[in-house]
Amino acid sequence: MLIVQKYGGTSVGSIERMKNVAARCLASQRQGHQVAVVVSAMSGETNRLLKLVDEIHDDHNDREVDVIVSTGEQVSVGLVALAIRKAGGKARSFLGHQCKILTDSSFARARIVDIDAGPIRDAMAAGEIAVIAGFQGVDEKGNITTLGRGGSDTTGVAIAAALKADVCEIYTDVDGVYTTDPNIVPTARKIERISYEEMLELASLGAKVLQIRSVELGMKYAVPIHVRSSFSDVEGTWVVPEDAAMEKVTVSGVTASRDESKITVEDLPDQPGIAARMFAPLADANISVDMIVQNQAYDGTTDLTFTLPKIDRKRAVDLLKEQVPELVGKDGERVVFDDEISKVSVVGVGMRSHAGIAKTMFTLLADEGINIQLISTSEIKVSCVIARKYAELAVRTLHEGFGLSLPASERTGL
Ligand code: ASP
Ligand code: MG
């Protein structure tokens, strides 16, 4: 088999741990596999570098910032390659420009456009383990770019796609993807298999195990992703194409976000063009809004409520306060916000074929006296915004109510 193994920051967090990584790669190679490894910066290193930047310059969206923050991975690949050699193997390190991880030029959040897998293939053909720097690439002009926080996952999956690898193993400090955060619900279970689509929802809703973009790439190129622990040999979670068995489970996971705020603009005129004009300054300021709900009142006015990342709330309110008087004329305008919210969500491809998930969710929350402020749904997800102080109670209630503490095979429909 051809295996791409990606090791995260904690897995290469010390020289001892790098030796463990070297031993793992060599063990896979000894079993007859061809191995390419993608590594992150040592844990804490990228944060340390960004802090240095912050002392001079507060915009991370800058060519020079990528030059700086990409260095963490350069140190890691060199050290891991040395560790493999020291353990008796053959290894060669590659930086983004050496295996031509070509990206666009959006510094700090570049997207991979192409990879030249030739040099990596040559190394592997010579019996070497290719050790590739995660997170970094190079644009057409030769500028160093980075792929956004957590971007080594995306490097791993992209390299696996380019090599047509049999699997991309993502080694991390947890042993897989769980039905919910085990710190909130101790009976949370490790999910054995999950579809790309469900994983995308979970990652978008705040599960931090995989960078969203890596799941998108995995789905696009059908790369099986195995999320597992670098500290044990147990099977982790497989992220794979959807199959019939997955449909039987109605809810696969429960999440709660804590980093969102809610804004309501009240008494807007109920006319064409108002929403377009209201959201224009937010879009121009690169603020992405999420759940949008509009209510029509009988008096010809409308209230618009939406959620957005908490870090953007202040800017958004300031922009709206400038914009709204123009939209509503002289009176009536009000911009109110709430930072004490949480979005709780249930996710599962089984929702496509099972009715009533939303109703069950609302009932479970109501039975605990939890008020629902906003609701949004997709084909495989139901989200409710609730008061933040109830987030953990809601997660526990939904996890129990949908039977997620039971093994997937024992969960009945509903
Ligand atoms: N070192 C980068 C970060 O901390 C990329 C990664 O670890 O995936 O975000
Ligand atoms: Mg990560």
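Cut-off values and rules
- Residues numbered from 1 in each chain as written.
- Chains lettered and ligands numbered in written order.
- Predicted model: local features only at pLDDT ≥ 70, side-chain atom pairs only at ≥ 80, totals over all residues.
- Heavy atoms only, no water.
- Helix = DSSP H or I, 4+ residues; strand = E, 2+ residues; numbered from the N terminus.
- Rg over C-alpha atoms; globule rule 2.2 N^0.38 Å.
- Buried < 20%, exposed > 50% of the residue type's maximum accessible area, 1.4 Å probe, protein only.
- Areas by Shrake-Rupley, 256 points an atom, 1.4 Å probe, with all protein chains shown as cover.
- Lys, Arg positive; Asp, Glu negative; His and termini not counted.
- Charge placed at Lys NZ, Arg CZ, Asp CG, Glu CD.
- Near = heavy atom within 4 Å.
- Polar contact = N/O pair within 3.5 Å; in protein donor to acceptor, adjacent residues only side chain to side chain.
- Nonpolar A, V, L, I, M, F, W, Y, C, P; charged D, E, K, R; others polar.
- Salt bridge = Lys/Arg side-chain N within 4 Å of Asp/Glu carboxyl O.
- Phe/Tyr/Trp six-rings, centres within 6.5 Å; stacked < 30°, edge-to-face > 60°.
- Patch = residues over 30% accessible without salt bridge, like charges linked within 9 Å, V, L, I, M, F, W, Y side chains within 5 Å.

1. Description of the overall build of the chain
Now for step 1: Scanning the chain for helices and strands turns up 13 helices and 20 strands.
Now for step 2: The C-alpha atoms of the chain give a radius of gyration of 24 Å, which matches the 22 Å a tight globule of 414 residues would have.
Now for step 3: Projected onto its principal axes, the C-alpha positions of the chain cover 75 × 55 × 30 Å.
Now for step 4: Across the 414 residues in the chain, those meeting the buried criterion constitute 51%.
Now for step 5: When the accessible surface of the chain is split by element, carbon and sulfur atoms take 50% of a total near 19000 Å².
Now for step 6: If you average the places of the 45 positive and of the 57 negative side-chain charges in the chain, the two averages end up 6 Å apart.

2. Brief notes about the site of ligand 1
Now for step 1: By nearness alone, every residue bordering ligand 1 is listed as Ser-40, Ala-41, Thr-46, Glu-73, Phe-135, Arg-149, Gly-150, Gly-151 and Ser-152.
Now for step 2: At 2.7 Å from an oxygen atom of ligand 1 is found a side-chain nitrogen or oxygen belonging to Arg-149.
Now for step 3: A distance of 3.4 Å separates an oxygen atom of ligand 1 from a polar backbone atom of Gly-151.
Now for step 4: Looking at the shell around ligand 1, its residues break down into two nonpolar, five polar and two charged.

3. Some thoughts on the pattern of salt bridges
Now for step 1: This model, assessed by the stated rule, comprises 22 salt bridges.
Now for step 2: In this structure, Glu-16 engages Lys-19 in a salt bridge whose closest nitrogen and oxygen atoms are separated by 3.8 Å. Of this pair, Glu-16 and Lys-19 both sit in helix 1 (residues 15-30), three residues apart, which is roughly one turn of that helix.
Now for step 3: Note on Glu-16: relative accessible area 55%, which makes it exposed.
Now for step 4: Between Asp-290 and Lys-343 there is a salt bridge whose closest N-O contact spans 2.6 Å. Of this pair, Asp-290 sits in the loop between helix 10 (274-284) and strand 15 (292-296) while Lys-343 is found in strand 18 (residues 341-347), placing the two residues 53 residues apart along the sequence.
Now for step 5: By relative accessible area, Asp-290 is classed as partly exposed at 36%.

4. Thoughts on the packing of aromatic side chains
Now for step 1: All chains considered together, the criterion is met by two aromatic pairs.
Now for step 2: Residues Tyr-7 and Tyr-171 carry aromatic rings whose centres are separated by 4.6 Å and whose planes lie at 10° to one another, so their mutual orientation is stacked. With a gap of 164 residues between them, Tyr-7 in strand 1 (residues 2-7) and Tyr-171 in strand 9 (residues 167-172) connect regions that are remote in the sequence.
Now for step 3: With a centroid separation of 5.1 Å and 70° between ring planes, the pair formed by Phe-279 and Phe-306 is classed as edge-to-face. Within this pair, whereas Phe-279 is found in helix 10, its partner Phe-306 is found in strand 16 (residues 301-309), the two being separated by 27 residues in sequence. Each member of the pair Phe-279 and Phe-306 is classed as buried.

5. A look at a negative patch on the surface
Now for step 1: Judged by side-chain charge, Asp-54, Glu-55, Asp-58 and Asp-59 come together as a negatively charged surface patch.
Now for step 2: With respect to the secondary-structure elements, Asp-54 resides in helix 2 (residues 45-54).

Read these as layout, nothing more, since geometry by itself doesn't imply function.
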